[in-house]
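Here is what each chain is made of, one letter per residue.
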Amino acid sequence: MNEQTLHFQVNGQEQQICCAVGASLLSALHQQGCMGVHRVCDSGDCGSCTVWVNDVAVHSCIFPAFRAEGTAVTTIEGLAQGASLTPMQRAFLEKQGFQCGYCTPGMIMSATKLVERPEVVQAEDPDAAIRNWMDGNLCRCTGYQAIAESILAGGFGFQAEVSPGLAESGCQVGRSIPKQDGPAIVTGQPIYTADWVPAGTLHLKVLRSPHAHALIRRIDTTKAQTLPGVHVVLTHADVPRIPYTTAGHGEPVPDPHDHYLLDNKVRFVGDRVAAVVADSVAIAEQACGLIEVDYEVLPHVLDPLAAMGDRAVDLGFPPDAASTKLSSDSSTRLPLLHDEPDSFQIHDAQHNIAGEVRLEKGNLERGWAEADFTLERIYQVPAVQHFHLEPHVSTSWLEADGTLVVRSATQVPFHCQRVLAQLFDLPKEKVRVFKTHLGGGFGNKQEILTEDLCALATLKTGRPVQWQFTRWEEMTATNSRHAAKIRLKVGVKRDGTLTAMEMAVAANTGAYGNHGTQVVFLTGSMPLGLYRCENQRYLGRSVYTNTMPGGAFRGYGATQGFFAMECLMDEVAIALQLDPLELRRRQLIQPSAGLLLGADHHFHLIGSYGLQEALDQVQQRLQHTPAMPPSRTGQDSVGQTRRGIGFAVAMQGSGLAKIHEARVRLALQPNGRYLMRTGSVDLGTGSDTTLRQIAAEVLHTTIDQIDIITADTKETPFDAGAYASATTYITGQAVLLAAQDLRSHLLNRAVEMVNIPVEQMDLQGDCIVSKNEVSEHENDPSLLITLETLAHQQNGVIEVERHYAADASTLTFAVQGVEVEVDLETGKVSVLKAVQAVDIGKAINPRICEGQIIGGMAMGLGYALTEELRLNEQGQTLNPTPRTYRLPLAKDMPKVEVVLVERGDPYGPLGAKGVGEVSVNGMAPAIANAVAHATGVRLYQLPMTPERVWAALRSRHSSDSSACNRGLENADLENDA
Amino acid sequence: MDLHTVETLLRPTRLDELPPWQPGMAWLAGGTWLFTEPQPQVKTLVDLQRLGWDELAVTEAGLVIGATCVMSRLVEAEFPEQWGAIAALRRGVHALASFKVQNVATVVGNLCLALPAGTFAPVMMALGARYEVLSPGGAAWIEAVDFQTGARRTILQPGDVVRRVLIPREFLTWQTTYQRICVASAGLALAIVVTAYNPMTQQVRVGIGAVSPAPKLLTFAGMPTAEEVAIALNTAIPLEDCIEDDQASATYRREMARVLLGRSLAPFYGPTRS
C-alpha cells in the first residue's frame, strides 16, 4: 500500500500528513489527533464525521484525504477559541442537545453551516426547515427534539427558559441539572473508548463465515502468517475450548453456554472463523483474505417455527405461519445448530430450542368457557438493530505486574471481567475491565463481543491490541432485537371482563442463545401482567436459527409482546364498541394487584401507581373524545389521506429483583470534596449526573462538589451494570444509602471537634453548620467547621460503602398516544403527533428523563415504520448500511410531548423508578391502532412499510392482509355466534 | 471509508497523460459513492478533478453540466425564472442526500453510477439531455435515454468517461415535477417519476426511475388521459421488467409509478381537472 504526504491546515495549524493513498480525510484527521471527528457509518450517511474543508461542510469519511491538499480543514476541536464556545456550541449546552454525545460534533458542524443557508434562514417554520435539512445527521438517543431546539437557539437566538445553574444550592433532586459531560461533548474531547490507545497497539480483525452453517474441515493460515506486519493468526485450534455465553449476566448465569472463542463450526453468515492480529487494520484485513478454509457446508434453517420441527406444534401456530419450509426429507433430520456435546444449559438442542418459558395461572379452559367471544391473532415482528453510534471496541494490554487490562465500550464491566478470568484461567484481580465514555449501547453492549478475542490477542502477543467493529459488522455480526412470531388469544365478556388470555411466542434467537430465554420471559410476562385476567397461559421459546443472534435490546422482549397485546386490546375495544382508553381504564392492572403469573412470590410490585392519570393526560393532550371518527385532510388534490388516533400502554420493571446488585463508595476527600465510586455505567443517558444529584440532595451540597469514578473493576466496587432500567432504581438506592451513612459519619465526627450535639448540626455545601447559629465565625455565624478541616483532622479520607439489591422490581407504566396520517394511495404513514405520559415515580432529573423518553419514542417509531433487518436465503443481512436500514430522521419525528406523572415510589430512591426502557414499547402498537382508526385496516406485521399498508388497504374487503389471521377471524365469528 | 487496496493515485491535468486503461482503474469524481463501501477490485484511482471539467454553463445549446460539477452548484446558481427544468434538477439534488454530500457529489457521477434508483437519470431523460462520452476512439454524444442499460450498467466501455451533460435549451422552459417514494422519508427510492411539460405544445415527457433496472422514458404528444398513461406505463415497463427485491415488490413499484404519474401530471391539467 502506497503512502502519500499531504500538506493542509487543520484548525489553523499547517500539518504534514502521511497516509495511505486510499485514505479518507476522516482517517487522516484521526492521525492528527482530531478524535472528535467520529466514525460511525463510514459511508456518508450519518454525519458524525462532518468537518469543513475551506469552510464547506463535508462528510470526512467519504472525502478522499488527498483532496484536502492545500486546504484549510476545520474540525469540532477547532471551533471554540480557547474557552470561548461558538453560539452553536453554547446552544447545544444550553438546550442539552445530546445524550451520549457521539453524534454531537457532527451535529454542531452541520448545524452551524445549515443555519447560514437561505432555505433555512428564510423558512416560515424554522423548526421544520431544520428537521428537513438535517437529514444527513443521525442521532439514536435523543429523538432529535433537543437537537432541533439547540439549533433553533444557536442559529436563530430562540431562547426558552434559562436552565438552572450548576452550583445553585437547594434541592438537587427534581431539577434539570445539565449532564456533566456536556462541555467535553460539545467541544469534541477525546473521551470515548477508541480515542486513546497505548503506543505500539496492534489491530485485530476476524475472518467471518460466508456460510450460514458449516463445519471447518481444514484451515490453513500459512499465507496470512507470512504477510509482513502480521503478528499472530488464531483459529479454533489455538484457543481454549470453554463454552460460555456472550450475554453479560450476573451469576448464576441463566443463558445457554453455547459460544466458543473460536469454533470448528460456523452457525451464521458473519460468524467468527479466525482472528488476525497485525500492525494495522488494513494489513489484518488483507491477511484475513489469505486464510484458506475448507468448509463442509451443512443444511441451514432460518425460521424459528421450522427450526423446532415437530416441537413447534404446541405453540398453536397455523401450518402456514413458518415463512420458510424445510425440504420434505429434512423434516426428520433438522439442521442442529448446537449438537456439540460440551455446550450446556440448552433447553432442547435436538429441536434447536435454546430456552423455554411456561407461565400459567388460573384455569384457561374455564376462562374460555366464561367468554362471550374470543379474538385470536398472529403477529410478526422483525429483527432490528440497536445502531448505537459508537461501535463495539476494546483495547487490551498487559500491565507490568501481569494484569490484563481491557478498556472497552461495555455496559457490564464486572460481568466481562468475570468471563475473561474464566476464559483465560486468571484470578479476577488480575483482570481489569473499565469503560470510558460510551456512545450508546441500548443493550448491545451488554454482550461480550470484542473483549474476548482482544484479550486473547494481548495474552498471545504481549502487546496492546485494539478491536473495533465496522458498521457492517455491527449490522451483521453483533445482535438484534429478537424477531418473533406471536400468537395471542383473548376471551372477553360483553362487559369487557377479560376471562382468558393465551400467548405463544417463537422468538428467533439466531445462532447463539444469549439473552434469549430472559427476553422471551418478558415477551409474555409483561403484556399478560398488564391486564387483570384470572386465567392466563404463556408458552414462549427462544429458538436457534442460522441468523445473526438476537440479544438484549431496550425493552428486552416486552417490546415485542406489547405490540401484540396492545393491538389486540384495540380490537377488543372495537368489538365491544368501547373507547380504547375506557377499556384500559377498566381492565388494566390495579395498584393492589401484584404480578403473580407463573410465580409464587413477587418479583415485581407496584410501588407507586399513576397509570390512570397517565391515561387522562394523554387523552387530553391529543384532544381525544370517545367514538371520534377519523378525519380527512385538506390536501386531497395530491392524493387521498386519512388521519387517525391510536393508543397503547406499556410497563417495564426497574432492575432485576434479588440479583441486580450495586455497591457504592462515597468519601470525603482531604480537599473537602466528595468522591463517589460506583461500578455503574452511564451509557450516555446521564446517570453519572443523576446519581450525583441523589448524593448531593442528602449531603446538602451541589453536584459539582462530588467527583465521580465509575465502571472500573479496579477502581470501583461491584455493580451489575447498565441494563434492565436498573441504574437509578438500584444503584441510585445504594448511592442514597451511602450518602445517608456518610452524612451521619461526618456529623458524628464533627461532634468530637465542635462540642455541639449532632442534632443541632447540618451539612451545608462544603461546611458543617449549626442550625442554631452559635458559632462566632466572623463571616458566617452558623459555620462550625469546613469539610476540608474536618477531613484534615480525621487524617485523610472518610469513606463509607453501601450495597443494595432490591427485593422486588417496581413497575413503571407508560401511555403512548399518536396521531397519524395515512396516504391511501401509497400506504405511507406519517406520525403527526406523539404524546407519552410516564408514571415515573419521581424524576430525579426531569430533562434527562424526558430525553430518555423521547429517544425511546423515536426508536419505537423506527420499529413501527421502517426498521427491519432483511435477510436473504442464506440468512445474510441485505441492508447492513444506514442507507438501506432506515433509522428515523429528524424530519420523521413530530414534535413530541412528554408528561411525567410523579407519584413517589416507596421502594425507589427518593421515589424514583426505572425509565430507560419503557418508553420504547408503546409506539408501534399505538401507530398500528392509529392506522386502523384512520383507515379501518389493521396491520399485524412490523414494520408497517408503505407497501405493507398499501397491500392491507388493497385487500381490506377480504378482512385483512394475513391469511393466518383471516382464518382465525372466521373462527371468531363462529365463536361469537 | 478507507480504500485499503488502492495503491496508485493518478491526477491528470489532460486526458492524454493517462496510461492505457487497465482493470483495477476507477474514475474518481466526487467520491461520495466510491468511498462508501469496500472496493477490493480498485487499485488505481484516476482523479478527474484537475481536468478542469467542472463547468456549469449556459450556452446557446443549453445548460451544460461538466463532469466534476458538484450538485450544490445547481442549488446555488441563479437561472432565469422561466426555466421550469431547474426545479426538477434541484429536487434531484435534494433527493440524493444531505447538503454535505451535495457539496461534493457530482451530477455526472450519479448518472454513471447507474443505480436503478439514481436520482438524476429520470430528470435527464425527461429533459431530453445528451451526454458527451470520451473514448479512446474519440468523442460522441449519447441520448440520456440510451445511456443506462441496466442496474449499474451503462453503454460506457472500460476507460470511457462522460465529459459533460447538455440539457438542450428547448427543454429548459418546460415545467417539471419530481415525485418519489421511499420506504422511509429518505433513502433509496422505490419509484421516481419526473414529468416535464411543455406549456406551449402540451407535450409531456416522463422519466421513471427505480421501478425497472434502467430508467424509462414515456412521451406524450399532448396531455394524456389516465387510460393513456396506464397503457404507456404498462408498455414501457411490463411487470416482468419491474424490480422485485427485498425493498419492494414489482407490483408495488409499478403501482407507485402509476400513482406518482397521476400526481405529477395533476398540476398541468389546468383548472378544470385540478
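Residues numbered from 1 in each chain as written. Chains lettered and ligands numbered in written order. Predicted model: local features only at pLDDT ≥ 70, side-chain atom pairs only at ≥ 80, totals over all residues. Heavy atoms only, no water.

Q: Mind laying out the interface of chain B and chain A, listing which residues take part and the relevant values?
A: Facing the 46 residues of chain B at the interface are 58 residues of chain A. Of the charged contacts, one joins Arg263 of chain B and Glu825 of chain A as a salt bridge, the two residues approaching to 2.8 Å between their closest N and O atoms. Every element with two or more residues in the side of chain B that touches chain A is listed here: strand S1 (8-10), helix H3 (99-102), strand S11 (175-182) and helix H9 (250-265) of chain B. If one sorts the elements of the side of chain B that touches chain A by residue count, H9 of chain B sits on top with 6 residues. Residues of the side of chain B that touches chain A, tallied by class, amount to 22 nonpolar, 16 polar and 8 charged. (Contact = heavy atoms within 4.5 Å. Salt bridge = Lys/Arg side-chain N within 4 Å of Asp/Glu carboxyl O. Helix = DSSP H or I, 4+ residues; strand = E, 2+ residues; numbered from the N terminus. Nonpolar A, V, L, I, M, F, W, Y, C, P; charged D, E, K, R; others polar.)

Q: So what about the sheet that holds strand S7 (residues 138-143) of chain B? Which residues, and what values?
A: All names here are of chain B. Strand order across the open sheet formed by 5 strands is S4-S5-S10-S6-S7, with antiparallel pairing between neighbours. A single partner strand is all that each edge strand has here, and the edge strands are strand S4 (56-58) and S7. Across this sheet, the average inter-strand angle for adjacent strands is 20°, counted without regard to direction. (Pairing = 2+ DSSP bridges. Axes fitted to C-alpha atoms, helices over the stretch in contact; angles between N-to-C directions.)

Q: Give me the lowdown on the pattern of salt bridges, citing residues and values where you can.
A: Residues and elements named next belong to chain A. Per the counting criterion, the structure on display carries 66 salt bridges over all chains. For Lys913, the salt bridge goes to Asp839, with nearest N and O atoms at 3.4 Å. With Lys913 in the loop between strand S33 (896-901) and helix H23 (923-935) and Asp839 in strand S32 (residues 829-839), this residue pair connects regions lying 74 residues apart in the sequence. Each member of the pair, Lys913 as well as Asp839, carries the same accessibility label: buried. Through salt bridges with shared partners, a single ionic network connects Arg241, Asp263, Arg267, Glu340 and Asp342. (Buried < 20%, exposed > 50% of the residue type's maximum accessible area, 1.4 Å probe, protein only.)

Q: So what's going on with H23 of chain A? Residues and values would help.
A: Residues and elements named next belong to chain A. Taking 1.5 Å of rise per residue, the 13 residues of H23 would be expected to cover 18 Å, and the 18 Å separating its terminal C-alpha atoms lies within 8% of that figure. The buried fraction of H23 amounts to 12 of the 13 residues, a majority that puts the element mostly inside the structure. Those residues of H23 lying buried are Met923, Ala924, Pro925, Ala926, Ile927, Ala928, Asn929, Ala930, Val931, Ala932, Ala934 and Thr935. Backbone geometry just downstream of H23 places Gly936 in the positive-phi region, at approximately 80°. (Expected span 1.5 Å × (residues − 1).)

Q: I'd like a description of the confidence of the model for chain A, backed by residues and values.
A: Residue and element names in this part refer to chain A. Averaged over all residues, the pLDDT of chain A equals 92, while 93% of them reach at least 70. Confidence drops under pLDDT 50 across residues 957-964; counting only partners more than four residues distant or on other chains, this segment forms 15 contacts. In this model, residues 966-977 is a region of pLDDT below 50 whose contacts with residues beyond four sequence positions or in other chains number 18 contacts. (pLDDT = per-residue confidence, 0-100.)

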